[in-house]
Structure formats: structure tokens, C-alpha cells
Amino acid sequence: MAHDTVKGEARLEREIAGLDALELGGTTRVRLLRRAWSAVWPMLAAVLIALAAWQLVVWSGWKEPWVLPGPGDTLPVFWDQLTSARFWDAVALTMRRAVVGFAFAVAVGVVVGALVARFRVLRRAFGSLITGLQTMPSIAWFPLAILLFRLSESAILFVVILGAAPSIANGLIAGVDYTPPILLRAGKVMGLRGLALYRHLIMPASLPSFVAGLKQGWAFAWRSLMAGELLVIIGDTTSLGVLLSQARELNNTADMISYMLMILILGIVIDRLFGLVDGAIRRRWGLDEGSA
């Protein structure tokens, strides 16, 4: 009799544990769905508002439909482009240029930023110059780039690096400058000196500002690349900039807006990736209110 009672209690405990696990799993799924919806609905609302504003401008009769077609005429064209192999080849070439140029810009920006942040003489000599380069329109570099490298990939790469590297360097410099003094004193007490101090304390402490500099650097690199692809057409290569230029020359506004939409979408996707990295850093540092 006692044995049956023990077995019955054990079975009851297993059933209760199963119900708890089921309830916990359901709660977790609901929470994930809510988080996904909270992240998606603002973007959907923004898209709908933009489409509505676009359609209202078209209905106002401000421009002829062949000059400014509405969403109903443009979105089917955009869908046709998404199913075209030539279109995706152009996207691949543009993204390859963007990634390569940004990688070189990060390397240059990190080296320059670390040196300027480390040595006061370099700070006095080049600090203002870096900020001046950051504010300089990237399209202003193209006459020099074409003279130096002619119509080549190197000309585009040159301008992308000059467009992005100053922002990356300034992000690293700002992060080093705003490292809390108490952390520096604690690091020195623990025996950190020279490169070890930078590697184990200053660089991790400057990471949030550095990521912000990377994000801004990517924005400048992307804008520089688009300007470069419109100005520097290399042989028979096809990129998003080339497609955009050809659509403009043929007065094909629907195609032109389709390419502009893809450029916008790619920019938003990369921005979201930087946002994920920034959010992870903020949670690790305890700066995200949602982490509490």
C-alpha cells in the first residue's frame, strides 16, 4: 500500500513538472513573438506611411506619371528586378566593393585612430585634419581619384576608404578619450602598462564609441560607393550604380526607383546588423533598460 502511494506521488510530481514545462515553453514563445512583433511593426508602419505619402504626391498631379510613377506601377517592376539574374549580379558586385572598401577603411581608421589617441604630438598635428577629412564630401575626391587611378576599381576603392576611415578613426579616438579615469587608475594599480593597458582596458572600454564610429563609417562608405559607381563606369561591368545611371539615361523612372529601393534596403539591413552588435554591447555593459 505504501509502495503504491509513493508511485502515485512520483507520477503526480512528473505530471506537474510536465505542465510547468509546457507553461514555461508557451510563455517563452509568446514572449518571443511579442518581441518580434514589437521590432517589426514600427518598420511596417513606416513603409505604409511612405507608400501612402508617395501615392498622395502622385495623385496630386505634381509630375506626369511617366516622370514619377506611383507605387502600383513601380513595385511590380521592382519584383521583376528581384527575379532577374543580371540584377543580382549587380548587387553582388556592389556589395563586394562595399565590403572590400570598408575592410580597408577599418584597417586604416584603426591604425590612425590608435596612433593619434596614443601620442599627443600626433593629436595636435592630425586631430583637426581627421575631422576635416570626415566633413569633406566624398564626391570631391573623385577628380583626384580618376587622375591617379583612371577609371578603375582602385579609384572607387580610394574614395571609399577616404570617405569611411576618418569616421572610424574619430570613433576610436573618442572612445579612448572618454575612458573613465578611475578605470585607468585601477588598471595601472593592477600592473597594466603600455600596450597591455590598451589591449586589456582602454580598447574594451572604448568599444561602444568605436562601434558607433564603424556604423558612421559604413554610412560614409556606402554613400561614397554609390557616387563612385555613378561616376566611374569600368568597361562592361554592371553594378547598382551602373543600372541606376542607365535607367536615368533612358528615362525609365520605374526601373530607376527600383534600384534606389534596393540601395535603401541594403543600407537598412546593414544598419540593423550594426544595431544588433550595438545592442549586444549595451546588454553586456548593463546599459540596456530591457536587460534589467
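Scroll up to find the structure this text is about.
Parameters and conventions
Residues numbered from 1 in each chain as written. Predicted model: local features only at pLDDT ≥ 70, side-chain atom pairs only at ≥ 80, totals over all residues. Heavy atoms only, no water. Helix = DSSP H or I, 4+ residues; strand = E, 2+ residues; numbered from the N terminus. Buried < 20%, exposed > 50% of the residue type's maximum accessible area, 1.4 Å probe, protein only. Contact = heavy atoms within 4.5 Å. Areas by Shrake-Rupley, 256 points an atom, 1.4 Å probe, with all protein chains shown as cover. Salt bridge = Lys/Arg side-chain N within 4 Å of Asp/Glu carboxyl O. Polar contact = N/O pair within 3.5 Å; in protein donor to acceptor, adjacent residues only side chain to side chain. Patch = residues over 30% accessible without salt bridge, like charges linked within 9 Å, V, L, I, M, F, W, Y side chains within 5 Å. Lys, Arg positive; Asp, Glu negative; His and termini not counted. Charge placed at Lys NZ, Arg CZ, Asp CG, Glu CD.

Visitor: Can you walk me through the overall build of the protein in this structure?
Guide: Of the regular secondary structure elements, the protein holds 11 helices and zero strands. Counting across all 292 residues of the protein, residues that qualify as buried make up 33%. Counting only contacts in the protein whose residues sit at least 6 apart along the sequence, the fraction spanning at least 24 positions is 71%. Accessible surface computed for the protein: about 18500 Å², of which carbon and sulfur atoms make up 68%.

Visitor: Could you clarify how one ought to interpret the pattern of salt bridges in this entry?
Guide: Oppositely charged side chains can form a pair if their charged atoms are brought close together. If you walk through the whole model with that rule in mind, you get three salt bridges. A salt bridge links Arg97 to Glu153; the shortest N-O distance between them is 2.7 Å. Of this pair, Arg97 sits in helix α3 (residues 85-118) while Glu153 sits in helix α6 (residues 153-177); the two residues are 56 residues apart in sequence, bridging distant segments of the chain. Looking at Arg97, the relative accessible area reads 7%, which means it is buried. Beyond isolated ion pairs, a larger network of salt bridges with shared partners links Arg97, Glu153 and Glu229.

Visitor: Whenever I open this one, unusual backbone geometry confuses me. Can you help?
Guide: Most peptide bonds are trans, and most residues other than glycine sit at a negative phi. One non-glycine residue, Arg150, adopts positive backbone phi at about 60 degrees. Overall, Arg150 belongs to the exposed group, its relative accessible area being 65%. Positive phi outside glycine occurs at Asn251, with the angle close to 55 degrees. Residue position: Asn251 is located in the loop between α10 (240-249) and α11 (253-285). Given a relative accessible area of 56%, Asn251 falls into the exposed group.

Visitor: I would appreciate a short explanation of the environment of Trp66 in the present structure.
Guide: Within the element layout of this structure, Trp66 appears in the loop between α1 (2-59) and α2 (71-82). Judged by its relative accessible area of 60%, Trp66 falls in the exposed class. Residues Trp66 and Thr253 lie 187 residues apart in sequence; the distance between their C-alpha atoms is 7.1 Å.

Visitor: Looking at this structure, I do not really get the side chain of Thr94. What am I missing?
Guide: Among the structural elements, Thr94 can be located in helix α3. Within polar-contact distance, the side chain of Thr94 engages the backbone nitrogen of Leu240 at 3.0 Å. Ignoring anything within four residues of it in the chain, the contact list for Thr94 reads Trp222, Leu225, Met226, Glu229, Ser239 and Leu240.

Visitor: Would you explain a positive patch on the surface in this entry?
Guide: Together, Arg31, Arg34, Arg35 and Arg283 make up a positively charged patch on the protein surface. The residue Arg31 is located in helix α1 in this model. Since its relative accessible area comes to 48%, Arg31 is described here as partly exposed.

Visitor: Help me understand α10 in this model?
Guide: An α-helical turn contains 3.6 residues, so a residue and the one three or four places further along point in the same direction. Burial within α10 is extensive, with seven of its 10 residues counted as buried. Immediately beyond the C-terminal end of α10, within one or two residues, lies Asn251, with a positive phi of roughly 55 degrees.

Visitor: It is not clear to me how a nonpolar patch on the surface should be interpreted in this structure. Could you clarify?
Guide: Taken together, the side chains of Trp37, Val40, Trp41, Met43 and Leu44 present a nonpolar region at the surface, about 510 Å² in accessible area. Position of Val40 among the secondary structure elements: in helix α1.

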